[in-house]
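Structure assessment
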Amino acid sequence: MANNIIANISVPGILAVAAVLLLIKRVYWELTVGANRRRLIKENGCKPVKKYAHKGVLGKLFGYDTMKQSFQAAKQGRLHEMSRLRNFDQQTTIQIRNLNRDFILTIEPENVKAVLSTKFNDFGLGGLRVKTMGPVFGTGIFTSDGKSWEHSRAMIRPNFTRQQVGDLSIYEDHVQHLLTHIPKNGQTVNLQDLFFKLTMDSATEFLFGKSTNMLKKGQEHPDGDRFSDAFTYVTECMAMDFRTAQLNRLLSDPKRKDDSEFIRKFATDIIDDAIANRKDIEKGAGEKQNYIFLYELLKVTNDPYTLRSELLNVLLAGRDTTASLLSHTFHQLARRPDVWAKLQAEVDELGGQTPSYEAMKSMKYVKWVINESLRLWPVVPGNNRISVRDTVLPVGGGPDGKSPMFVPKGTPVGYSVWSMHRRKDFFGEDALEFKPERWETLRPGWEYLPFNGGPRICIGQNFALTEASYVMIRLLQNFRRIEPRDDKPWSEFQTLTLAVGNGVHVGLYQE
Ligand code: HEM
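The numbering scheme is per chain: residues are counted from 1 as the chain's sequence reads. The model is predicted, so local features are restricted to residues of pLDDT at least 70 and side-chain atom pairs to those at 80 or more, both for listing and for counting; the totals for chains, interfaces and linings are taken over all residues. Only hydrogens and water are removed before side-chain values are computed, so all heavy atoms of the structure are retained for them.

A pair of aromatic rings is counted whenever rings of Phe, Tyr or Trp (Trp by its six-membered ring) have centres within 6.5 Å, and the orientation is called stacked for planes under 30 degrees apart, edge-to-face for over 60 and tilted otherwise. Evaluated as defined, the whole model comprises 18 aromatic pairs. On the basis of an interplanar angle of 35 degrees and a centroid distance of 5.8 Å, the ring pair of Trp 377 and Phe 434 is categorised as tilted. In this pair, Trp 377 sits in the loop between helix 19 (364-376) and strand 5 (382-387) while Phe 434 sits in the loop between helix 21 (424-427) and helix 22 (461-478), placing the two residues 57 residues apart along the sequence. Among the residues examined, Phe 434 registers a relative accessible area of 5% and is labelled buried. By the ring-pair criterion, three or more aromatic residues cluster together here, those being Phe 160, Tyr 171, Phe 206, Phe 293, Phe 463 and Tyr 470. Cation placement over rings: the criterion is NZ of Lys or CZ of Arg within 6 Å of the ring centroid and within 35° of the ring normal. In this structure, Arg 226 is placed above the aromatic ring of Phe 262, and the distance from its NZ or CZ to the ring centre is 4.3 Å. Positioned above the aromatic ring of Tyr 509, the side-chain terminus of Arg 481 is 4.1 Å from the ring centre. A run of H or I in DSSP counts as a helix once it spans at least four residues, and a run of E counts as a strand once it spans at least two, with each numbered from the N terminus. We call a residue buried when its accessible area falls under 20% of the maximum for its residue type, exposed when it is over 50%, and partly exposed in between, using a 1.4 Å probe and counting protein chains only.

At least two DSSP bridges between two strands are needed for those strands to be called paired. Read from one edge of the open sheet, 5 strands run 1-2-8-5-3, paired in mixed fashion. Each end of this open sheet is capped by a strand with a single partner; those strands are strand 1 (93-98) and strand 3 (123-124). Here strand 5 pairs with strand 8 (residues 412-416) via 5 bridges, running antiparallel. Residue Asn 384 lies in a different strand from strand 8, and its bridge partner there is Gly 414.

Any residue with a heavy atom positioned within 4 Å of a molecule or strand is treated as near that molecule or strand. Every one of the 25 residues lining the ligand counts as a neighbour, but Arg 129, Arg 153, Asn 383, Arg 385 and Cys 458 are closest to it. A distance of 3.0 Å is found between an oxygen atom of the ligand and a side-chain nitrogen or oxygen belonging to Arg 456. Sorting the residues of the shell around the ligand by element identifies helix 8 (146-156), helix 16 (304-333), strand 5 and helix 22 as the ones contributing at least two each. Considering each element in turn, the shell around the ligand owes the most residues, 6 residues, to helix 16. Under this definition, polar contacts are N or O atom pairs within 3.5 Å; protein pairs additionally need one hydrogen-donor-capable and one acceptor-capable atom, and for neighbouring residues in sequence, both atoms have to be side-chain atoms.

The positions that UniProt labels "binding site: heme" (unreviewed entry) are, in the present scheme, Cys 458. Examined against the element boundaries, Cys 458 turns out to sit in the loop between helix 21 and helix 22. Judged by relative accessible area, Cys 458 falls into the partly exposed class, the value being 32%. Throughout, a contact is declared for two residues whenever any of their heavy atoms are within 4.5 Å. Sequence-distant contacts of Cys 458, that is, excluding residues within four places in its chain, are made with Phe 451 and Asn 452. UniProt positions are given in the numbering used here, feature names are shortened, and annotations may be inferred rather than shown by experiment.

Turning next to the domain arrangement of the protein chain. Bring the parts together and some accessible area is lost; that lost area is often taken as the interface size. When the domains of the protein chain are assigned, the result is domain 1 (46-125 + 384-420) and domain 2 (138-378 + 429-511). Summarising the inter-unit geometry, the C-alpha centres of domain 1 and domain 2 are found 30 Å apart. With 23 residues of domain 1 in contact, the opposing surface of domain 2 contributes 27 residues. By definition, the buried area sums, over both parts, the 1.4 Å-probe accessible area that each loses when the two are put together. The junction of domain 1 with domain 2 conceals about 2,000 Å² of combined surface from both sides, 68% of it contributed by carbon and sulfur atoms. Sorting the residues of domain 1 by area buried against domain 2 places Phe 120, Leu 125 and Trp 418 first, and these three jointly supply 26% of that buried surface. For this document, the term salt bridge refers to a Lys or Arg side-chain nitrogen within 4 Å of an Asp or Glu carboxyl oxygen. Scanning the region where domain 1 abuts domain 2 turns up 0 salt bridges. Put simply, domain 1 and domain 2 have 6 residue pairs in polar contact (both at pLDDT 80 or more) between them. For every domain, the bounds stem from an assignment made automatically or drawn from a database.

As structure tokens, then:
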């Protein structure tokens, strides 16, 4: 019977039924979602956002022209500057095509504030971050949203109190090891390499209670270098995933697979060991020992996957970031003897003593130099969120970009911290110059955002600033002079964070 009916329906009949169904679906959509959108647009006075003028059919369909340009610029280590000039020369918010999607890109502080804070619940991380980072870093604070993120944040937050972060003796140990790797006679050294080792050593000690000890001569962890290199390679691959929406994953990459496995195993072995020795750890809790993040987490959970995910997420946040901040700063200091001399004068006021936490926090010029370094070379130079419902951003619409803008559900909204930090209307005509003195009067709001803002603001901000200031001060106490040892201009080395493309090759002198 059923077969007879199907056999009797003609192709035009099937097409007619399909057309009617599609029409019903469309009418339903117009009456529900469409009506709601028109209401939002009208009530908020939204105007259309300016669209990037893509070239050629492939450009218009898939953003092929801008993607090609971005790849070329990334190869030359100038992606962020190229994007600033291309996207924000004429406007501060723009819609651009990328593969099959339209992205909104903005450098309007009001929009960034809405995305990260006032309309926090209208935006999420999006699936790409989870797909890209999840396989190695698991489900942790960086890779989760909603309740799962709230849980991670609540678990991690207590580990960053002033008491834990302010114990400078931990940093001093690592500085002493760092100093053994820096020639005293001006022989060339790549400080960036050393900073990456230093922050990996200090972060693994703080997080796992077992340092990679790459700088501790004679006591290096046998897998320390391998772990560190694997970490760098895998995060470099992840940056490529973000740029290509994971199209690069179509190519086989056995090194990435091995390195990912190595990272997971390195962390798992330490965690399994800590779980097995839990009783001893608890017994030793009363004794004076360095603060260890893993041991604190063990009080809340003993699930190996949760522990590994949270630890690797925080390691990701804490290692490259502080090393990159130090690298950008010393790259600049080597080229600015005037700034070096002013820093030296302030550091000399310590009379050669290692600084206390309070003394360090009152060193104004140190703070200005770090602020300025993070302004011009923000370690997280760009970021994005995806709208999880239809919403409105306060500016970016209309020909002058000053009207509110409608953002449909599922739209990626990217914000370029790099470009926002270089806006002349906020930072002055000399915005592109490295000028720590501007911080004497500068009190920026959402236009200065090295550590993000809103509920997902960086948890480790104070940790990072404390470690970076301490290392900087101690290096200035040990060396009177610094010289650049390459004449290459600054360029990018982009993993999940931004470091210096050519490294920081300098000579340091004690006299
Ligand atoms: C100069 C150094 C640092 C900079 C510039 C920096 C910047 C940032 C930024 C921009 C975010 C937001 C990422 C996003 O939401 O997409 C972030 C988040 C985070 N940072 Fe940092 N960070 C630094 C150092 C650190 C350190 C040393 C730690 C820990 C040891 C840390 C821990 C975290 C954590 C756990 C988050 C996730 C917060 C959340 O999603 O709730 N950061 N950081």
